[in-house]
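# Notes for the structure review
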Amino acid sequence: MREPAERVERIAVTGSSGLIGSALVAALRADEVNVVRLVRRPPRAADEERWDPSGAEPEVNRAALDGCTAVVHLAGAGVADHRWTRRYKTELRDSRVFGTASLARAIASLDEPPRVFVSGSAIGYYGYTGSRPVDEHEPPGTGFLAELSVDWEAAAEPAIRAGVRTVFARTGLVVAASGGAWGRLFPIFRAGIGGRLGSGRQYWSAISLADHVAALRFLLDDVPGLAGPVNLTGPEPLTNREVTRVMGRVLRRPTVCAVPAPVLRLVLGEFAQDVLGSQRVVPRRLLDAGFAFAHPTVEEQVLAAVAPA
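Numbers given for residues are sequential positions, taken from 1 along each chain in its written order. With pLDDT at 70 or above as the cut-off, local features in this predicted model cover only qualifying residues; side-chain atom pairs require 80 or more to be listed or tallied, and sums for whole chains, interfaces and linings still use all residues. By convention in this description, side-chain values take in all heavy atoms of the structure and omit both hydrogens and water.

## Side note on the overall build of the protein
Scanning the protein from N- to C-terminus turns up 13 helices and 11 strands. The C-alpha radius of gyration computed for the protein amounts to 19 Å, which stays within 12% of the reference 19 Å derived for 309 residues, consistent with globular compactness. Put simply, of all contacts in the protein between residues at least 6 apart along the chain, 77% involve residues at least 24 apart. Exposure was quantified through the Shrake-Rupley algorithm and a 1.4 Å probe, taking into account, for residues, occlusion by the shown protein chains and nothing else. Total accessible area computed for the protein in this model is approximately 14000 Å², and 53% of it derives from carbon and sulfur atoms. In summary, the charge assignment counts Lys and Arg as positive and Asp and Glu as negative, without counting His or the chain termini. By convention, the point assigned to a charge is CZ for Arg, NZ for Lys, CD for Glu and CG for Asp. In the protein, 36 side chains carry a positive charge and 34 a negative one; their mean positions are 9 Å apart. Where helices and strands are cited, they refer to DSSP runs of H or I of at least four residues and of E of at least two residues respectively, numbered from the N terminus. The size measure is the radius of gyration over C-alpha atoms, and the globule rule it meets is 2.2 Å times the number of residues to the 0.38 power. Whether two residues are in contact is decided by their heavy atoms, any of which lying within 4.5 Å being enough.

## Things to note about helix 1 (residues 19-30)
Expected span of a helix: the number of residues minus one, times 1.5 Å. Look at helix 1: 17 Å from first C-alpha to last across 12 residues, which is about the 16 Å you get at 1.5 Å a residue. Packing partners of the buried residues in helix 1 comprise strand 1 (10-14), strand 2 (34-39), strand 4 (70-73), strand 6 (165-171), strand 7 (173-175) and helix 8 (209-220). Of the residues flanking the end of helix 1, it is E32, one or two places downstream, whose phi is positive at about 60 degrees.

## Quick word on the packing of aromatic side chains
A pair of aromatic rings is counted whenever rings of Phe, Tyr or Trp (Trp by its six-membered ring) have centres within 6.5 Å, and the orientation is called stacked for planes under 30 degrees apart, edge-to-face for over 60 and tilted otherwise. Scanning the entire structure with this criterion turns up 5 aromatic pairs. With centroids separated by 5.4 Å and ring planes inclined at 80 degrees, the aromatic side chains of Y125 and Y126 adopt a geometry described as edge-to-face. With a relative accessible area of 12%, Y125 lands in the buried category. Remark: exposure states derive from per-residue accessible area (1.4 Å probe, protein chains only) relative to the maximum for the residue type, with buried under 20%, exposed over 50%, and partly exposed in between. Judged by its relative accessible area of 3%, Y126 falls in the buried class. Ring plane angle 75 degrees and centroid distance 5.7 Å describe the contact between W182 and W204, whose orientation is recorded as edge-to-face. Of the two residues, W182 is situated in helix 6 (residues 180-183) and W204 in strand 8 (residues 203-204); the sequence distance between them amounts to 22 residues. Take W182 and W204: they sit in the same class, and that class is buried. Each residue in the set F218, F291 and F293 is aromatic and connected to the rest through ring pairs, giving one cluster. Placement of a positive charge over a ring is assigned whenever Lys NZ or Arg CZ falls within 6 Å of the ring centre and within 35 degrees of the normal to the ring plane. Here the guanidinium or amino end of K89 rests over the ring plane of F144, the centre of that ring lying 4.9 Å away.

## Here's the deal with the environment of F168
By the secondary structure assignment, F168 is in strand 6. When the C-alpha atoms of F168 and R115 are compared, they prove to be 15 Å apart, with 53 residues separating the residues in sequence. Excluding residues within four positions of it along the chain, F168 makes contact with S119, S121, E153, A156, I160, G228, P229 and V230.

## With respect to the nonpolar core
Side-chain atoms within 4.5 Å are what join buried Ala, Val, Leu, Ile, Met, Phe, Trp, Tyr and Cys residues into a set we call a nonpolar core. Ranked by internal contacts, the top residues of the largest apolar core, which has 32 residues, are I11, V118, L219, L232 and L286. Broken down by secondary-structure element, the contributors of at least two residues to this core are strand 1, helix 1, strand 4, strand 5 (116-122), strand 6, helix 8 and strand 10 (228-232). In terms of residue count, the dominant contributor to this core is helix 8 (7 residues). Leave out the neighbours within four places in its chain, and I11 touches L28, V33, N34, V35, V36, A70, V72 and L220. Of all hydrophobic cores here, the second largest spans 29 residues; its members include L145, F186, A206 and V302.

## Here's the deal with the pairing of strand 2
Strand pairing follows a simple DSSP-based rule, namely that at least 2 bridges must link the two strands. When strand 1 meets strand 2, the two strands line up parallel, connected through 5 bridges. For I11, the partnering residue across the bridge sits in strand 2 and is V35. Handedness of the crossover is the feature at issue here: the chain leaves strand 1, passes through helix 1, returns alongside strand 2, and the resulting connection is right-handed. Pairing geometry for strand 2 and strand 3 (residues 48-50), over 3 bridges, is parallel. Opposite V39, over in strand 3, you have R50 as the bridge partner. For a crossover, the right-handed case is the one in which the path from the first strand over the helix to the second runs clockwise, viewed with the strands pointing away from the viewer.

## Here's the deal with the environment of S149
Within the secondary structure, S149 sits in helix 4 (residues 144-154). By relative accessible area, S149 is classed as buried at 2%. In this structure the C-alpha to C-alpha distance between S149 and W84, which are 65 residues apart in sequence, comes to 16 Å. Filtering out sequence-adjacent residues up to four positions away, S149 remains in contact with S121, A122, G124 and Y125.

In structure tokens:
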């Protein structure tokens, strides 16, 4: 990986208590970067600043971002946290679109805006793509997550118009034992009751937590021309059937308890389609920019997740 032209020094982070945000903050602090954690409640620590995701109090957001050289926006309701009722789908959308828009407007209003705005997004943007590899040149797909991702990214337009390098970190499945959707798989497989989901032919595009954090930091560097969508996935997606074999091999457990598609739909509702849908997404722009993955394969990602801290 080439050396960055310049490192950012004061970084604001939303979603800092989540799986990715907490790991990013820890990594930045280990390198003595000044991190400002943006929180929706009154601040309780010296490194916290209150922000208003609704955008109703624009002066609060301007004050929170004042002096920041970069902003990383990771906040949003969890896609897999609840059944997708109409109400929760509204919460998923509002938590992303309103939060992004309020930050983008605040960034654009600053006398000295940050050099870079890294805003979370998702590979759900592409919809379901079957076995065909897709990269950042692919147009948006159809379905709830695709439509949500389009609106989510469009909300950052004020920052782009203000000349701030804006990157959309389209995240895939993050492999971690301590949280996220993949974290829920580990207890099941350790108990010996893991198995393929549905047909198992659907592709999963995954990335280790360590590589995801490293990729976010890579995006914060002044890499020439690296703006717009960037896929944060590993370079070697596998089918769910192959992922199941990897989990069984690494954890040394049987993987014979397949879950039929109708059962998934009964338990998960509309979200089951996202579990059963195939997305073979490759990180073309990261690779072309010179990013080196520490864990390029799913087996390496799972091994990293279960390695002692």
